[in-house]
Amino acid sequence: VKLQQRIAVRTLVETVLRAGDLEMVFMNPARPLEGIRIHQKIQQSRPAGYQAEVSVNHEVKTEKIDLVIGGRIDGVFTTDDGAIVEEIKSTTRDPAALEAWDNPVHWGQVKVYAYFYALAHDLGALTTQLTYCHVDSGEIIEKQEHFLRTELAEFFDDVLNRYMQWAETVGDWMLARDFSIRELEFPFESYRPGQRQMAVAVYRAIRDGEQLMTEAATGIGKTMAALFPAIKAQPDGWAGKIFYLSARTTGKAAAEQAIGELRRKGLKLKSITLTAKDKICFCPEAACTAAECEFAQGFYDRINAALGDIFQHDLFDRDAIEHTAEAHRICPFEFSLELSLWSDCIVCDYNYAFDPRVYLRRFFVEANEDYVFLVDEAHNLPDRARDMFSARITKQPFLDVRRQLKDELPNLYSLLGRINTRLVKARNTCRENGGEWVEKEPPNGLYALLRKFLQGAEKWLAQNVKTPFRQDLLDLYFEGNNFVRVFDQFNDTYAVCHETDHKDLSVKLFCMDPSLQMREALTRCRSAVFFSATLRPPNYYQKLSGCSDDMRHVVIPSPFPRDNLSLLLANGISTLYNRRNDTKVAVARAILELVRQKQGNYLIFFPSYAYMAMVYELVEPNATDVDLRCQIPDMPESERDRFLSEFTVGRQDTLVGFVVMGGIFGEGIDLTGDRLTGAAIVGVGLPGICSERELIREYFDESLNAGFDYAYRFPGLARVFQAAGRVIRSEHDRGVVLLIDERFGTYRYRQLFPPHWQPITLRGERAVERNLHKFWMNVGK
Ligand code: SF4
């Protein structure tokens with residue numbers, strides 16, 4: 001079988017000819033658009049007879065590969081002295097430095113275009129021209145070189161031969177990969193109940209290039225049910241690359257583990273897990289420039305050797321990436337991004353696919369493959385999407401940076417002074433409004449000043465001058481850049497939230513409804529699968545995740561025997577904020593009654609720390625027979641692990657952990673079997689009232705007449721379902737969940753319960769005891 005491959009001239013040349021240091025490119029948000037405008041302006045200014053956007057194609061056939069190399073020449077002049085092939089580049093580089101700048105990739109690109117043009121028009125010689133245009137000043141620098149066709153042929157052959165070595169390595173790999181996938185069988189003896197149904201739905205969605213939302217209980221093996229069919233779809237070209245997107249480390253680890261299982265069954269698949277830059281960086285104190293970081297220095301001279309090395313393996317996890325990057329003295333983060341281009345499956349955070357600040361441009365701007373997004377724990381997406389499409393600046397850094405650069409950069413100093421004055425004014429208004437102030441109109445004056453600041457900062461940063469304030473200015477530049485980029489999309493789905501705390505002020509462009517941006521982000525893939533145990537109601541998640549109206553929706557019924565879960569409802573207790581004092585004794589009593597029915601480990605979920613403390617105070621003096629633990633705010637990872645490590649099987653006493661819903665214990669923890677006997681959920685999980693939630697409420701009241709649902713009830717229920725989902729993790733688990741809140745008994749809530757949730761309403765004295773005695777007797781636990 002021969003491999004068919006298409007490649008752009010630019011990618012071909014870049015892959016072979018890139019050399020030198022890793023360069024930090026400063027691009028303000030308008031730059032790609034500005035680049036296009038500059039191109040068009042130059043093309044339009046050319047004389048009659050000039051042809052713009054000339055397509056060229058060239059085919060190369062070898063024993064193993066049929067390669068089509070294509071691209072578009074920016075323009076061709078036809079003169080009395082022959083043809084001139086032009087390549088236009090917009091740049092922020094200092095025009096003075098451009099004269100001496102010989103970029104081998106730019107020259108390579110125009111020379112390959114020229115060669116293809118000469119072949120197509122049977123020309124014996126022609127001229128190549130590189131035209132640089134400086135984006136700020138508009139200054140144009142043109143460089144020309146004349147070549148015989150034989151010289152261009154020689155150059156192209158050399159580039160091609162070097163590329164072919166790599167292409168054949170990749171080609172051999174793809175054939176081996178596809179063969180292994182065709183032979184691959186499901187890695188376990190049988191599917192878990194419900195798992196096959198989900199896998200089939202995923203396969204069909206990917207085959208048909210559709211979007212799918214799947215709700216399936218924890219424990220059916222969703223990760224494998226999503227990955228296995230996606231991988232099976234690769235040899236048919238329906239899943240060029242798989243992006244396994246997860247918000248949590250545990251989710252990414254589960255994906256790695258599932259791919260590992262498949263590898264043990266013979267799968268050949270290159271998979272990579274992307275680690276955030278600040279975690280994997282070798283020089284956290286340095287800027288990403290050759291002057292400050294030795295791993296940026298000569299990065300492109302060594303990257304191809306590093307790629308060749310690591311490509312001998314299939315698993316590109318953090319260890320492998322760090323090890324190879326260290327050995328070749330290259331930046332591990334940039335290396336991982338480059339490596340992802342050659343991986344079949346990319347396991348990463350949501351933001352690499354969705355967040356405009358970090359998404360993988362090398363995939364989504366230039367390449368055009370058939371990507372598949374597998375979105376794990378998709379109930380997290382609405383809030384994460386709001387974060388990704390919002391932007392915030394704070395006043396203090398502007399002042400700090402201003403003080404530092406006073407003597408050296410007077411223009412920036414003065415601009416930062418004007419920005420600070422504006423922020424001081426906003427802070428005063430904010431104070432007058434009690435510390436918080438919301439505006440619906442965009443801050444146009446601030447925006448104009450920020451843009452000027454970015455332009456000035458960009459110019460200076462591009463010179464890579466090492467000064468003590470450089471890093472702070474760089475951080476401020478990125479913050480301002482993000483703010484300006486979001487500002488450019490400001491519409492009625494946004495509001496401006498000001499908040500002051502002592503001297504500082506934060507200004508946030510808050511995205512209330514991220515559905516439009518998400519819809520646009522989803523055009524980057526051919527097919528997207530969203531899955532979670534909790535996607536109720538589906539139209540809420542469908543809307544906020546930007547899914548199409550005709551997306552498929554599949555609910556996999558819980559495969560576990562209903563009798564394995566005792567779901568009790570204490571609906572005589574109100575947990576409304578203003579009733580908490582009156583009912584706290586009843587809540588404490590219900591908790592104690594629950595944990596005394598059977599020795600074991602329990603988690604008690606509260607909507608806030610304050611409420612948790614209020615009830616803990618009452619439980620603690622009466623709980624001499626049980627061991628109590630309490631979550632603390634901002635609990636470090638080590639403390640969290642220690643907390644969970646106490647939930648062991650075979651303890652002599654009963655352990656009760658007080659935790660908050662939606663926090664680090666609310667989801668993503670896996671206490672299987674007897675490690676968790678039961679849970680109590682106090683309240684319906686509503687997020688705390690704050691100005692942002694109120695804005696969401698107002699917005700969706702106006703647009704859908706569903707403000708409270710979108711701001712509070714639906715996100716709250718997701719927390720409740722997630723918390724309850726900690727108890728039954730497999731078909732062998734038995735456990736109890738006690739819901740404490742009268743609202744759970746109302747139709748508004750019960751209509752959203754999963755079908756297998758049929759709570760028993762507690763009535764009368766010692767109702768918990770009566771019900772659980774029977775339950776624990778029956779399961780013989
Ligand atoms: S190692 Fe760190 S500082 Fe150096 S280039 Fe990479 S990310 Fe930047």
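Everything discussed here concerns the structure shown above.
Everything numeric in this text was worked out from a predicted model, so none of it was measured.

Novice: How would you explain the sheet that holds strand S19 (residues 565-570) if you had to name every residue and give the values?
Specialist: Ordered by their spatial adjacency, seven strands build an open sheet running S21-S22-S20-S23-S24-S19-S25, and the pairing between neighbours is parallel. Since the sheet does not close on itself, it has two edges, and those belong to strand S21 (626-630) and strand S25 (760-761), each with one partner. Both S19 and strand S24 (residues 735-740) contribute to a ladder of six bridges, which runs parallel. Across the sheet, the residue bridging to Ala570 is Ile740, located in S24. On top of the sheet, helix H22 (residues 580-596) reaches strand S20 (601-606), S21, strand S22 (654-660), strand S23 (678-682) and S24; it is set at about 170° to S24, its chief contact. Where helix H28 (residues 767-779) meets the sheet, its contacts fall on S19, S24 and S25, and the angle it forms with S19 comes to roughly 175°.

Novice: How would you sum up the side chain of Arg726? Please name residues and give values.
Specialist: Of note, Arg726 is situated in the loop between helix H26 (707-724) and S24. Of the residues examined, Arg726 reaches a relative accessible area of 3% and is grouped as buried. A polar atom in the side chain of Arg726 sits 2.9 Å from the backbone oxygen of Gln722.

Novice: Residue-level account of the pattern of salt bridges, with values.
Specialist: Using the criterion set out here, one finds 45 salt bridges in the structure. The salt bridge partner of Glu338 is Arg18, with a shortest N-O separation of 3.1 Å. Highlighted residues: Glu338 in helix H12 (residues 332-340) and Arg18 in the loop between helix H1 (9-17) and helix H2 (31-45), separated in sequence by 320 residues. Residue Glu338 is classed as buried on the basis of its relative accessible area, which comes to 9%. With a relative accessible area of 14%, Arg18 lands in the buried category. One salt bridge connects Arg552 with Asp208, and the closest N-O pair in it is separated by 2.8 Å. Of this pair, Arg552 sits in strand S18 (residues 552-556) while Asp208 sits in the loop between helix H6 (195-207) and strand S7 (211-216), and the two are 344 residues apart along the sequence. Note on Arg552: relative accessible area 26%, which makes it partly exposed. Residues joined by salt bridges that share partners form a network here, namely Asp627, Arg629, Glu646, Arg651 and Asp653.

Novice: Would you mind going over the packing of aromatic side chains in detail, with residue names and values included?
Specialist: Under the criterion given, the structure shown has 41 aromatic pairs. With a centroid separation of 6.0 Å and an interplanar angle of 75°, the aromatic rings of Tyr203 and Trp238 are classed as edge-to-face. One end of the pair, Tyr203, is in helix H6; the other, Trp238, is in the loop between helix H7 (222-232) and strand S8 (241-245), and 35 residues separate them in sequence. Taking the relative accessible area as the measure of exposure, Trp238 reaches 23% and is therefore partly exposed. Seen in terms of ring centroids, Phe282 and Phe295 are 4.9 Å apart; in terms of plane orientation they differ by 65°. Their pairing is edge-to-face. Note that Phe282 is positioned in the loop between helix H9 (277-280) and helix H10 (299-310) and Phe295 in the loop between H9 and H10, a separation of 13 residues in sequence. Note on Phe282: relative accessible area 25%, which makes it partly exposed.

Rules behind the numbers
- Residues numbered from 1 in each chain as written.
- Predicted model: local features only at pLDDT ≥ 70, side-chain atom pairs only at ≥ 80, totals over all residues.
- Heavy atoms only, no water.
- Pairing = 2+ DSSP bridges.
- Helix = DSSP H or I, 4+ residues; strand = E, 2+ residues; numbered from the N terminus.
- Contact = heavy atoms within 4.5 Å.
- Axes fitted to C-alpha atoms, helices over the stretch in contact; angles between N-to-C directions.
- Buried < 20%, exposed > 50% of the residue type's maximum accessible area, 1.4 Å probe, protein only.
- Polar contact = N/O pair within 3.5 Å; in protein donor to acceptor, adjacent residues only side chain to side chain.
- Salt bridge = Lys/Arg side-chain N within 4 Å of Asp/Glu carboxyl O.
- Phe/Tyr/Trp six-rings, centres within 6.5 Å; stacked < 30°, edge-to-face > 60°.

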